[in-house]
Amino acid sequence: MEDEMIINLFCERSEQAIRELSNKYGSLAQGVCENILRNSFDAEECVNDSLFTTWLAIPPRRPTSLKAYFVGIARNKAIDRFRYNTSARRDTFGDVAIDELEEYLQSYSSTEKECEAEELSLAIENFLGTLKKEDRTLFMCRYYYSTTVLDLANKMNKSEKYINLRLFRIREKLRKYLIKEELI
């Protein structure tokens, strides 16, 4: 079923909308959540919470990309769950991808103003548009979908060292881009 039809079902308050959304993007959201949490039960709960959140949000919202909207909600729920699960102890697995980028965004990380967050988001989006497709995919898989370096290496038939080097070079390009844009 097309995304627009699913959104219309949400607007009509039809419960079929949840089934259709789950059928179309549920496994993708589950995979993203599992990459972050490394726990299928918690990931499933995050996906279910995301379905409910989407139900509450549409209407009044009508996302232009239902896939990005739903997976983004699921990802944020998984990050929140990860932080909750690890708040009493330091579990570094899920923090590694975030930590890799944090040094490039350090001067920004303390700023909480929404307009500045939007400006940074737009700058990163524009930066991604300057990358070759393979580098953009690598960046998104690592830093948005939280795919491990080992998994990326296996998918690309490359060594972990190669993937780490490519990610380092992409982060360096991002740093230079953000400096040029006067965001760091």
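Residue positions are given per chain, counting from 1 as you read along its sequence in written order. Residues qualify for local features only when their pLDDT is at least 70, as the model is predicted, and side-chain atom pairs are given and counted only at 80 or more; totals for whole chains, interfaces and linings, by contrast, use all residues. To get the side-chain values, all heavy atoms of the structure are used, and hydrogens and water are removed first.

Undergrad: Break down the overall build of the protein chain for me, with residues and values.
TA: Helical segments are the DSSP runs of H or I of at least four residues, strand segments are the runs of E of at least two, and each set is numbered from the N terminus. When you go through the protein chain residue by residue, the secondary structure sums to 9 helices and 0 strands. Listing the helices and strands of the protein chain from first to last along the sequence gives α-α-α-α-α-α-α-α-α. Contacts: residue pairs with any heavy atoms within 4.5 Å of one another. In the protein chain, of all internal contacts separated by at least 6 residues, the share reaching a separation of at least 24 is 62%. For the accessible areas, the method is Shrake-Rupley and the probe is 1.4 Å, while residue cover comes only from the protein chains on display. Total accessible area on the protein chain stands at roughly 11200 Å², and carbon and sulfur atoms take up 49% of it.

Undergrad: An account of the pattern of salt bridges is needed here, citing residue identities and associated values.
TA: We count a salt bridge whenever a side-chain nitrogen from Lys or Arg sits within 4 Å of a carboxyl oxygen from Asp or Glu. One pass over the full model with this rule turns up 7 salt bridges. The shortest N-O distance in the salt bridge between Glu-45 and Arg-81 comes to 3.1 Å. Note that Glu-45 is positioned in helix α3 (residues 40–57) and Arg-81 in helix α4 (residues 66–86), a separation of 36 residues in sequence. Since its relative accessible area comes to 29%, Glu-45 is described here as partly exposed. The closest approach of N and O atoms between Arg-166 and Glu-134, which form a salt bridge, is 2.8 Å. Of this pair, Arg-166 sits in helix α9 (residues 160–180) while Glu-134 is found in helix α7 (residues 133–143), placing the two residues 32 residues apart along the sequence. Burial classification: accessible surface area is computed with a 1.4 Å probe over protein chains only, and a residue below 20% of its type maximum counts as buried, one above 50% as exposed, and the rest as partly exposed. What makes Arg-166 buried here is its relative accessible area of 12%. Residue Glu-134 is classed as partly exposed on the basis of its relative accessible area of 46%.

Undergrad: Can you break down the packing of aromatic side chains residue by residue, with the values?
TA: Each Phe, Tyr or Trp ring (for Trp, its six-membered ring) is paired with any other whose centre lies within 6.5 Å, and the angle between the two planes then decides the class: stacked below 30 degrees, edge-to-face above 60, tilted in between. Per the stated rule, a full pass over the model turns up 5 aromatic pairs. With a centroid separation of 6.0 Å and an interplanar angle of 55°, the aromatic rings of Phe-10 and Trp-55 are classed as tilted. Note that Phe-10 is positioned in helix α1 (residues 3–11) and Trp-55 in helix α3, a separation of 45 residues in sequence. Exposure remark for Phe-10: the relative accessible area of 0% places this residue in the buried category. Geometrically, the ring pair formed by Phe-127 and Phe-139 is edge-to-face, given 6.4 Å between the ring centres and 70° between the ring planes. Here Phe-127 is found in helix α6 (residues 114–130), whereas its partner Phe-139 is found in helix α7, with 12 residues between them in sequence. Each member of the pair, Phe-127 as well as Phe-139, carries the same accessibility label: buried. Among the aromatic residues, ring-to-ring pairing joins Phe-127, Phe-139, Tyr-143 and Tyr-177 into one connected group. Stacked on the ring of Tyr-144, the Lys or Arg Arg-75 has its end atom at 4.5 Å from the ring centre. Only lysine NZ and arginine CZ atoms are considered, and such an atom sits over a ring when it is within 6 Å of the ring centre and within 35 degrees of the ring normal.

Undergrad: How would you sum up the side chain of Thr-147? Please name residues and give values.
TA: For Thr-147, the location among the structural elements is in the loop between α7 and α8 (149–156). Using a relative accessible area of 4% as the deciding quantity, one classes Thr-147 as buried. Thr-147 has contacts with Asn-35, Cys-141, Arg-142, Leu-152 and Lys-155, leaving out every residue within four places of it along the chain.

Undergrad: Pulling in residues and values, what's your account of the environment of Asn-76?
TA: Of note, Asn-76 is situated in helix α4. A relative accessible area of 44% places Asn-76 in the partly exposed class. Here the alpha-carbon distance between Asn-76 and Ile-36, two residues 40 residues apart in the chain, equals 10.0 Å.

Undergrad: An account of the nonpolar core is requested, with residue identities and associated values reported.
TA: Put simply, a nonpolar core is a bunch of buried Ala, Val, Leu, Ile, Met, Phe, Trp, Tyr and Cys residues held in one set by side-chain atoms that sit within 4.5 Å of each other. Counting residues in hydrophobic clusters, the biggest one holds 28 residues, and the most contacted among them are Phe-10, Leu-21, Cys-33, Ile-36, Leu-37, Leu-66 and Phe-70. Elements represented by at least two residues in this core include exactly α1, α2 (16–37), α3 and α4. In terms of residues, this core owes the most to one element, α4, which gives 9 residues. In this structure Cys-33 touches Arg-38, Ala-43, Cys-46, Val-47, Ala-74 and Ala-78, once residues within four positions along its chain are discounted. In this structure, Ala-123, Phe-127, Val-149 and Leu-183 belong to the second largest nonpolar core, which totals 20 residues.

Undergrad: Can you tell me about the state of the cysteines, naming the residues and giving the values?
TA: Counting rule for disulfides: a pair of cysteine sulfur atoms within 2.5 Å. If you walk through the whole model with that rule in mind, you get 0 disulfides. Residue Cys-33 stays outside any disulfide, its sulfur separated by 4.9 Å from that of Cys-46, the closest cysteine. Owing to a relative accessible area of 0%, Cys-33 belongs among the buried residues under this scheme.

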